[in-house]
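Coordinate analysis (summary)
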Amino acid sequence: MLPERRNKNLSISESSDNSKSANPEHSLEIVKQKWKRIDEIMGKSDVRKFTWNLKIQIQVLKRAVVSIQRLSRLNLTEKNMGIELIDNSYLLLSSVYIKDGIDLCIVAWILWPDEERNSNPNLEKEVKRRLSVEATAAANRSGRWKNQMRRVAHNGCCRRVAQTRALCSHLWKILISEELVDALMNIEIPLVCFLVLILCMSFSRENI
């Protein structure tokens, strides 16, 4: 699932397990390997990738960062590591490009244009509006996880993932029945990607 934006950058948190004894160079290599795996998944055309508000997710993945707090013992400099740092606090990762991403905001707009054009896109509201009470409750239960004490905990990211998955399953069936998949993938989604490209070019010029 695509993550949410945080100040135009994506912050990837590493596991705190054995963080004190971990070798910084090894930790950096692990981060790079995991990010490469994400890049491979996002670039596959046979993997369905769906999210809420694709435009934001594309912007995030084009300029993602990882905190170097866990790598403080490593002498991270552009000169000796060939890397780029932001504010001496974040390591800039390579850009990830999403191939054939599905935006549920756009899906909802295609299915109910009159309703959606007068509303503010919001995942929580859309889930309550489109899913049954039982399906909404099931998605919320799926968004829970158990902590180390085996107690049920709540995590906003896990909850959004479960809600997005449930919403996609429901809307995709309607999209197929209405024969609107081609319109989504061949017209609307390419327009979203083009809009993001323009926004990113504008942002780059402002920061020159």
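Small disclaimer: the values here were computed from a predicted structure and weren't measured.

Looking now at the overall build of the protein. Secondary structure assignment for the protein yields 9 helices and 8 strands. Considering the protein as a whole, with its 208 residues, one finds that 33% of them fall into the buried category. Within the protein, residue pairs in contact and separated by at least 24 positions form 72% of the contacts whose partners lie at least 6 positions apart. For the protein, the accessible area works out to roughly 13,600 Å², and carbon and sulfur atoms hold 49% of it.

With that settled, consider empty space enclosed by the protein. Applying the stated criterion across every chain yields a total of 1 cavity of 30 Å³ or more. Put simply, the largest cavity is a space of about 30 Å³. Lining the largest cavity are Glu116, Ser119, Asn120, Pro121, Asn122, Lys125, Glu126 and Arg129. A per-element tally of the lining of the largest cavity places helix α6 (residues 123-130) first, with 3 residues.

A word on unusual backbone geometry. Negative phi characterises most residues that are not glycine, and trans characterises most peptide bonds. Positioned with a positive phi, Asn53 is a non-glycine residue whose angle comes to about 70°. Counting through the fold element by element, Asn53 comes out in the loop between β2 (49-51) and α2 (54-62). Among the residues examined, Asn53 registers a relative accessible area of 28% and is labelled partly exposed. Non-glycine residue Asp100 carries a positive phi angle of around 60°. As for its placement among the helices and strands, Asp100 is situated in the loop between β5 (90-92) and β6 (101-103). A residue is classified by how much of its surface remains accessible, and Asp100, at 38% relative accessible area, is partly exposed.

Taken together, the side chains of Phe194, Leu197, Ile198 and Met201 define a hydrophobic patch exposed on the protein surface, amounting to about 380 Å² of accessible area. Within the secondary structure, Phe194 sits in helix α9 (residues 181-206).

About the thresholds
Residues numbered from 1 in each chain as written. Predicted model: local features only at pLDDT ≥ 70, side-chain atom pairs only at ≥ 80, totals over all residues. Heavy atoms only, no water. Helix = DSSP H or I, 4+ residues; strand = E, 2+ residues; numbered from the N terminus. Buried < 20%, exposed > 50% of the residue type's maximum accessible area, 1.4 Å probe, protein only. Contact = heavy atoms within 4.5 Å. Areas by Shrake-Rupley, 256 points an atom, 1.4 Å probe, with all protein chains shown as cover. 1 Å grid on protein atoms, 1.4 Å probe; cavity = no way out; pocket = protein on both sides within 12 Å on 5 of 7 lines; lining within 4 Å. Points joined across faces, edges and corners; volume = space filled by probe spheres on them. Patch = residues over 30% accessible without salt bridge, like charges linked within 9 Å, V, L, I, M, F, W, Y side chains within 5 Å. Salt bridge = Lys/Arg side-chain N within 4 Å of Asp/Glu carboxyl O.

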